[in-house]
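A closer look at the structure
What follows is each chain in one-letter form.
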Amino acid sequence: YEVLEKIRQADGLILGSPVYLGDISAGLRALYERLIFQSITYQTEVRSYNERRIPVVLIVTSNVPAEYDAELLNRYKGTLEAFVGPTQTLASGNTLQVSNYERYNWTMFNAEEKKARRENVFPDERQAAFRLGANMTKE
């Protein structure tokens, strides 16, 4: 309850999660369910009890290309916008999971490509995430 109250009073909310088995982590999912459920009215006229809307940023990382997470992000974005506030999303895909893929005999990945992406693309994605957070409360 204390966490939900602090969120209600916040200027914005940044949520982040790895994607496991096609969905956000269980920990974030638990927070998300409580965050949304407290606002549902079950009325057709007014869908949400939430009178104070706050901006939200949702960021996910996964082992698959970022476009694979588009449907997942759209689903969460729609619900967050309906019950919390305007929501922006960012996916960082094809992430480097371990430093040594050979150690685990993970032959389906190109370790060199993943390392190169981590060095060349991931820093730009981190900056994009930073900008989303920095700009979320600016009008």
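Numbers given to residues run from 1 along each chain, matching the order in which its sequence is written. Restriction of local features to residues with pLDDT of at least 70 applies here, the model being predicted, together with a cutoff of 80 or more for giving and counting side-chain atom pairs; totals for whole chains, interfaces and linings are based on all residues. Side-chain numbers come from the whole structure's heavy atoms, not from hydrogens or water.

This next bit is on the overall build of the protein chain. When helices and strands are tallied, the protein chain shows 6 helices and 4 strands. Secondary structure elements are defined from DSSP: runs of H or I of at least 4 residues count as helices, runs of E of at least 2 residues count as strands, and each element is numbered from the N terminus. Listed N to C, the secondary structure of the protein chain is α-β-β-α-β-α-β-α-α-α in terms of helices and strands. Taken along its principal axes, the extent of the C-alpha atoms in the protein chain is 55 × 30 × 25 Å. Note on exposure labels: buried denotes an accessible area under 20% of the residue type's maximum, exposed denotes more than 50%, and partly exposed covers the range between, all computed with a 1.4 Å probe on protein chains only. By residue count, 34% of the 139 residues in the protein chain fall in the buried class. We call two residues in contact when some of their heavy atoms are within 4.5 Å. In the protein chain, of all internal contacts separated by at least 6 residues, the share reaching a separation of at least 24 is 72%. On the protein chain, roughly 9200 Å² of surface is accessible, and the fraction owed to carbon and sulfur atoms is 51%. Shrake-Rupley sampling with a 1.4 Å probe provides the accessible areas, and residues are treated as covered by the protein chains on show and by no other component.

A pairing counts as a salt bridge when a side-chain nitrogen of Lys or Arg comes within 4 Å of a carboxyl oxygen of Asp or Glu. Counted under the stated rule, the structure contains 6 salt bridges. For Glu125, the salt bridge is made with Arg117, and the minimal N-O distance between the two is 2.5 Å. Just as Glu125 is buried, Arg117 falls in that class too.

Before going further, it helps to examine the environment of Val19. Structurally, Val19 can be placed in strand 1 (residues 13–20). Judged by its relative accessible area of 15%, Val19 falls in the buried class. With residues up to four places along the chain from it excluded, the contact list for Val19 reads Val60, Thr61, Ser62, Asp69 and Leu72.

With that settled, the discussion passes to the pairing of strand 1. The alternating pattern of strand 1 places Leu13, Leu15, Ser17 and Val19 on a buried face, while none of Ile14, Gly16, Pro18 and Tyr20, on the opposite face, is buried. Pairing geometry for strand 1 and strand 3 (residues 56–61), over 6 bridges, is parallel. Pairing of Gly16 across the sheet is with Ile59, part of strand 3. Should DSSP find at least two bridges between two strands, the strands are taken to pair. Here strand 1 pairs with strand 2 (residues 23–24) via 2 bridges, running antiparallel. Across the sheet, residue Tyr20 finds its bridge partner in strand 2, namely Asp23.

A sheet is described by the order of its strands in space; here 4 strands give the open sequence 2-1-3-4, paired in mixed fashion. In the strand order of this sheet, the two ends are held by strand 2 and strand 4 (87–92), each with one partner. Strand contacts of helix 3 (residues 70–83): strand 1, strand 2, strand 3 and strand 4, with the helix running at about 160 degrees to strand 4, the strand carrying the most contacts. Along the sheet face, helix 6 (residues 122–135) touches strand 1, strand 3 and strand 4 and points at about 165 degrees away from the line of strand 4. Note on geometry: axes are C-alpha line fits, over the in-contact stretch for helices, and angles between N-to-C directions span 0 to 180 degrees.

In summary, the pairing rule links any two rings of Phe, Tyr or Trp, Trp by its six-membered ring, whose centres are within 6.5 Å, and it sorts them by plane angle into stacked for under 30 degrees, edge-to-face for over 60 and tilted for everything else. Tallied over the entire structure, the rule returns 5 aromatic pairs. Consider the rings of Tyr32 and Tyr76, whose centres lie 4.7 Å apart with planes at 75 degrees: the pair is edge-to-face. Placement of the pair is Tyr32 in helix 2 (residues 26–37) and Tyr76 in helix 3, with a sequence separation of 44 residues. An aromatic cluster of at least three residues, connected via ring pairs, comprises Tyr101, Tyr104, Trp106 and Phe109.

Among the buried residues, those of types Ala, Val, Leu, Ile, Met, Phe, Trp, Tyr and Cys that are joined through side-chain atoms within 4.5 Å form a nonpolar core. Among the nonpolar cores identified, the biggest contains 21 residues, and Leu13, Leu15, Leu35, Leu58, Val60, Leu80 and Val84 are the most heavily contacted of them. Residue assignment for this core shows that the elements contributing at least two residues are helix 1 (2–9), strand 1, helix 2, strand 3 and helix 3. With 5 residues, helix 3 is the single largest residue contributor to this core.

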